[in-house]
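What follows is the residue order along each chain.
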Amino acid sequence: MRVALPTGPSGRRRFIVSLFAFVALFAAGCRQTPVAPVDIAEGDACAACKSTIYERQYAAQFITKDGFARKFDDISCMVQFSKKVGANNIAAYYVADYATGEWLPAGEASFVRSSAIKTPMNSGILALKDKAGAEAIAREYQADLLSFADLEK
């Protein structure tokens, strides 16, 4: 099958402009949207234990590669549930900063774990953006200071 290309300078120019526009639109459509945490709405339930998420300072979430957010009432729920989903299917992990309630990437947080700390599912795990703050809480509760990689083990 032969395709007839436009002839003449104006025909070629239109063809090249059209081809460029098609390639630009195709490339724009292939761009991935940035992954961002989603807010917890009143009545949202933990994807793992099905408890209502009441205390944001202990909450966590991950976003799957297909863009679906799964929310959790306790960091331990997220860690356990992510093993079922598989790390290769997760685009990003987020935890609430215990001090401010703001979302932060789990890899940037410092984690404190102690049985003396009461959390919704009794994991005793807190996430903090401020490492010095995490160290102070760890000293106060004789707690472990961990990274997200430590929790995933």
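Above: the structure in question.
Everything in this summary refers to the structure shown in the same document. (Residues numbered from 1 in each chain as written. Predicted model: local features only at pLDDT ≥ 70, side-chain atom pairs only at ≥ 80, totals over all residues. Heavy atoms only, no water.)

1. Observations concerning the overall build of the protein chain
Helix and strand content of the protein chain: four helices and seven strands. Order of helices (α) and strands (β) in the protein chain, N terminus to C terminus: α-β-β-α-β-β-β-β-α-β-α. Residues counted as buried form 38% of the 153 residues belonging to the protein chain. For the protein chain, long-range pairs separated by at least 24 residues make up 54% of all intrachain contacts whose partners lie at least 6 apart in sequence. For the protein chain, the accessible area works out to roughly 9800 Å², and carbon and sulfur atoms hold 55% of it. (Helix = DSSP H or I, 4+ residues; strand = E, 2+ residues; numbered from the N terminus. Buried < 20%, exposed > 50% of the residue type's maximum accessible area, 1.4 Å probe, protein only. Contact = heavy atoms within 4.5 Å. Areas by Shrake-Rupley, 256 points an atom, 1.4 Å probe, with all protein chains shown as cover.)

2. Re the side chain of S123
Residue position: S123 is located in the loop between β5 (110-113) and β6 (125-128). The class of S123 is buried, set by a relative accessible area of 17%. If sequence neighbours within four positions are ignored, S123 has contacts with D74, S76 and R113.

3. Some words on the sheet that holds β6
For sheets, the rule is that strands pair by backbone hydrogen bonds, running either parallel or antiparallel. Strand order in this open sheet of three strands is β6-β5-β7, and the pairing throughout is antiparallel. Across the chains shown, the open sheet's two edge strands, defined by having one partner strand only, are β6 and β7 (144-146). Between one strand axis and the next, the sheet turns through 25° on average, direction left out of account. Sheet topology note: the β5/β6 ladder contains four bridges and is antiparallel. Bridging from a neighbouring strand, R113 pairs with I125 of β6. The strands touched by helix α3 (residues 131-141) are β5, β6 and β7; relative to β5, the strand with the most contacts, the crossing angle is about 10°. (Pairing = 2+ DSSP bridges. Axes fitted to C-alpha atoms, helices over the stretch in contact; angles between N-to-C directions.)

4. Description of the environment of T100
Within the secondary structure, T100 sits in the loop between β3 (90-96) and β4 (103-105). Residues T100 and K129, spaced 29 residues apart in sequence, show a C-alpha to C-alpha distance of 9.1 Å. In this structure the side chain of T100 is engaged in a polar contact, spanning 2.8 Å, whose partner is the side chain of D97. In terms of polar contacts, T100 uses its side chain to reach the backbone amide nitrogen of E102, at 3.2 Å. (Polar contact = N/O pair within 3.5 Å; in protein donor to acceptor, adjacent residues only side chain to side chain.)

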